[in-house]
Amino acid sequence: MKQQEKQRQKPKSVQVLLSSYYGERYLPAQLDSLLSQKGVQVSVLVRDDGSCDRTRHILRNYAQKHTNLSAYSGQNLGTAKSFFHLLAHAGHSYSYYAFADQDDVWMEEKLARAVSCLEKMERKYPGRPLLYASNVIYASKDLRIQQALPSRDAIKPSFGNALTENICIGCTQVFNQKLLELVRNHLPDGAILHDWWMYLTAAYFGSVYYDPNAYILYRQHEGNQIGMQKNAFARWKNRVLHFGGLRHKLSGQAALFRDAYAGLLEMDTPNQRNAYRLGLLCAYRADYKKRRKLVFDQNIHRQRRLDDLAYRILFLTGYL
């Protein structure tokens with residue numbers, strides 16, 4: 001009995017997977033915040049994606065000082081493929097896994113909060129692939145200006161939502177070993193983003209929890225693709241740019257998902273509703289009747305109403 005109590009009290013182990021690329025300016029602060037996590041046994045695995053600055057030197061120094069941090073380097077693959085490479089090389093013995101970006105700063109309770117939520121999910125959904133994600137706090141490059149994102153807890157995560165957008169920002173994602181193994185055994189070639197693929201997979205085969213609270217200072221600087229959008233004009237400008245870059249990509253990613261998990265989808269007969277929505281998105285561009293069904297299917301949706309309306313118009317034209 002005492003042995004069982006000790007096992008229950010022992011902190012859960014979490015391996016953090018970080019892809020670095022020309023990160024010398026902000027990487028040390030992030031590594032310090034990862035190594036300072038409370039309430040968990042943390043290990044950090046870093047893959048450098050072909051940096052030529054001092055990033056590798058910084059990683060070597062940290063690896064020499066901290067036995068729970070290891071790093072390796074490779075050729076430049078780009079963000080998504082670099083993180084998929086990390087998934088393929090992650091350890092097998094950890095309770096949970098997390099993604100991290102090189103330039104953020106984590107609050108010390110970030111992983112403990114995620115683990116607490118995942119443990120509750122595992123009691124409710126035993127043996128299922130599970131994903132936790134949370135809100136973030138936008139921060140200026142010097143961290144002095146901080147801006148919380150609007151809460152997205154009004155609509156729960158779902159596979160229908162995952163088909164159209166990724167609400168689970170990669171640097172907030174923490175997931176169990178079941179999800180790691182599922183994705184690792186079906187690594188895609190051409191997914192839009194690694195974190196979006198994790199959301200799709202967990203939403204289809206398991207469960208996703210979105211925490212409206214934030215435990216990350218999401219640093220914004222000149223290297224970010226998306227900055228702090230302080231006004232309506234900036235937000236709409238970002239929307240237009242985002243929409244413009246998605247031509248045929250949603251239906252393409254749906255087809256990639258269908259092909260990657262073909263064997264499992266055939267065996268997963270109870271999941272007929274998700275299978276129907278997946279098939280609808282895969283085939284809608286070539287079939288006007290399916291296009292109309294997709295447009296009026298309220299289960300395939302985006303979180304924000306105006307975005308959702310814009311997407312339905314784009315679906316009607318076959319753009320996505």
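The preceding data block contains the structure.
Trainee: How do you make sense of unusual backbone geometry when you look at a structure like this?
Mentor: A negative phi holds for most residues other than glycine; trans holds for most peptide bonds. Unusually for a residue other than glycine, Leu143 sits at a positive phi of about 70°. If you trace the backbone, Leu143 turns up in the loop between strand 6 (130-139) and strand 7 (146-148).

Trainee: What is the right way to read the packing of helix 13 (residues 288-296) against helix 14 (residues 305-317) from this model?
Mentor: Two packed helices can be described by the angle between their axes and the distance between those axes. Two numbers describe how helix 13 lies on helix 14: the axes approach to 9 Å, and their chain directions differ by 175°. When the axis of helix 13 is compared with that of helix 14, the two are roughly antiparallel. Along its contact with helix 13, which presents Tyr288, Arg291, Leu294, Val295 and Phe296, the element helix 14 presents Arg312, Phe315, Leu316 and Thr317. A class-by-class count of the residues in the contact of helix 13 with helix 14 yields six nonpolar, one polar and two charged.

Trainee: Could you clarify how one ought to interpret a nonpolar patch on the surface in this entry?
Mentor: There is a patch of nonpolar side chains on the surface, built from Leu306, Leu309 and Ile313 and spanning about 300 Å² of accessible area. You can call Ile313 exposed: its relative accessible area is 51%.

Trainee: Just checking my understanding: could you explain the pattern of salt bridges for this structure?
Mentor: Any two side chains of opposite charge can pair, on the condition that their charged atoms come close. Scanning the entire structure with this criterion turns up ten salt bridges. The partner of Arg47 in a salt bridge is Asp49, with the nearest N and O atoms 2.8 Å apart. Both residues of the pair, Arg47 and Asp49, belong to the buried class. Here Lys81 and Asp189 are joined by a salt bridge, their closest N and O atoms 3.9 Å apart.

Trainee: Explanation requested: helix 14 in the structure shown.
Mentor: Helical geometry note: an α-helix holds 3.6 residues per turn, so side chains three or four residues apart project in the same direction. With 13 residues, helix 14 ought to run about 18 Å at 1.5 Å a step, and its terminal C-alpha atoms sit 19 Å apart, in line with that. Buried within helix 14 we find Asp307, Asp308, Ala310, Tyr311, Arg312, Leu314 and Phe315. Phi turns positive one or two residues past the end of helix 14, at Gly318, with a value near 80°.

Trainee: Would you explain the environment of Leu278 in this entry?
Mentor: Note on placement: Leu278 falls in helix 12 (residues 272-283). What makes Leu278 buried here is its relative accessible area of 3%. Considering only alpha carbons, one finds Leu278 and Phe257, 21 residues apart in sequence, at a separation of 8.6 Å. Setting aside residues up to four positions removed in sequence, Leu278 forms contacts with Phe159, Leu163, Ala254, Phe257, Arg258 and Leu265.

Trainee: Mind showing me how you'd approach the nonpolar core here?
Mentor: It is characteristic of soluble globular proteins that their nonpolar side chains tend to be buried jointly. Of all hydrophobic cores here, the largest spans 54 residues; its most connected members are Leu87, Phe175, Phe257, Phe315 and Leu320. A total of nine residues in this core trace back to one element, the largest contributor, which is helix 8 (residues 194-205). In contact with Leu320, other than residues within four places in its own chain, are Leu246, His248, Lys249, Leu250, Ser251, Tyr284, Arg285, Tyr311, Leu314 and Phe315. Formed by 34 residues, the second largest nonpolar core is a distinct cluster that contains Val44, Ala98, Tyr132 and Val136.

Conventions used here
Residues numbered from 1 in each chain as written. Predicted model: local features only at pLDDT ≥ 70, side-chain atom pairs only at ≥ 80, totals over all residues. Heavy atoms only, no water. Helix = DSSP H or I, 4+ residues; strand = E, 2+ residues; numbered from the N terminus. Axes fitted to C-alpha atoms, helices over the stretch in contact; angles between N-to-C directions. Parallel < 35°, antiparallel > 145°, perpendicular 65-115°, else oblique. Contact = heavy atoms within 4.5 Å. Nonpolar A, V, L, I, M, F, W, Y, C, P; charged D, E, K, R; others polar. Patch = residues over 30% accessible without salt bridge, like charges linked within 9 Å, V, L, I, M, F, W, Y side chains within 5 Å. Areas by Shrake-Rupley, 256 points an atom, 1.4 Å probe, with all protein chains shown as cover. Salt bridge = Lys/Arg side-chain N within 4 Å of Asp/Glu carboxyl O. Buried < 20%, exposed > 50% of the residue type's maximum accessible area, 1.4 Å probe, protein only. Expected span 1.5 Å × (residues − 1). Core = buried A, V, L, I, M, F, W, Y, C linked by side-chain atoms within 4.5 Å.

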